[in-house]
Amino acid sequence: AVSSLPMGFADHRSSPIEVCLATGAEILDTTATVTTPTGPRWLSCSCRPIDVDDDTMSALVSFTDVTERHEAATRLAWDASHDYLTGLLNRAGLITALDSMLAAQHSDAVFAVFYIDLDGFSLVNNSLGHATGDEVLRTVGKRLQQAQPAGSVAGRLGGDEFVLGVLLSPGDVVATVRKTAHDLRDAMVGPVWINGRTEPLR
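Residues numbered from 1 in each chain as written. Predicted model: local features only at pLDDT ≥ 70, side-chain atom pairs only at ≥ 80, totals over all residues. Heavy atoms only, no water.

*Asks:* How should I be thinking about the pairing of strand E7 (residues 161-168) in this particular structure?
*Replies:* The element E7 is largely enclosed, with a buried count of six among its eight residues. Where strand E5 (residues 110-117) lies against E7, eight bridges are found, and the strand directions are antiparallel. Bridge pairing links Val 110 to Leu 168 in E7. The sheet contact formed by strand E6 (residues 153-158) and E7 spans five bridges and is antiparallel. By the bridge assignment, Gly 155 is partnered in E7 with Val 163. Connecting the antiparallel pair E6 and E7 is a turn made up of two residues, with Gly 159 showing a positive phi of about 60°. (Buried < 20%, exposed > 50% of the residue type's maximum accessible area, 1.4 Å probe, protein only. Helix = DSSP H or I, 4+ residues; strand = E, 2+ residues; numbered from the N terminus. Pairing = 2+ DSSP bridges.)

*Asks:* In this structure, what is going on with unusual backbone geometry? I would like to understand it.
*Replies:* The phi torsion of most residues other than glycine is negative, and most of the peptide bonds are trans. Phi at Asp 29 takes a positive value of approximately 50°, unusual for a residue other than glycine. We classify Asp 29 as partly exposed; its relative accessible area is 45%.

*Asks:* Can you help me understand helix H3 (residues 91-104) in this one?
*Replies:* Every α-helix winds through 3.6 residues per turn, so residues three or four apart in the chain are directed the same way. Between its first and last C-alpha, H3 extends 20 Å over 14 residues, near the 20 Å set by a 1.5 Å rise per residue. Residues of H3 that are buried: Gly 93, Leu 94, Ala 97, Leu 98 and Met 101. In a view along the axis of H3, the buried residues occupy a sector of 130°, so they form one face of it. Buried residues along H3 sit in contact with helix H2 (67-81), E5, E6 and E7. (Expected span 1.5 Å × (residues − 1). Arc of directions from axis to C-beta. Contact = heavy atoms within 4.5 Å.)

Okay, structure coming up:
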């Protein structure tokens, strides 16, 4: 039976098909996911009760494959909150993530924000071209992702400006902040190999 298919429904704890059969309520355009040999697919499911002569409840169930629409919406949502060049959060996504972290923190927790600016980046950009500058920024983004502590958020504000937000446990906060700052600097300062030559970062 359709109601027994291994599908996950986003808007209902139980299958809307079962809800329709149990209550007689019409349910429209509920998103379902189903696993196929080629990967997950997203379906729009609608259920309408059907009048029958006996006491058996019946429902008309229709499915529409909306995988392309779902993936397009997912890409748009990702683009709205992420920097296309580095894959890090952009300014809007970073502010949202930092706000969420602040709202969720305990009263005795400490929140630290590290601001990272690349000295001399404009010289690289102007002398070697924007393509080289973009590669430098991508490298810095990867290094920041690799160096960021678990549970932290990292993003690019724009240009050569990056931010890391870290939620710290109570304790020797000053020492932890200093160590994190040193770790970030050590991760960033290595030279960048581009087109057969290295470009230093400071």
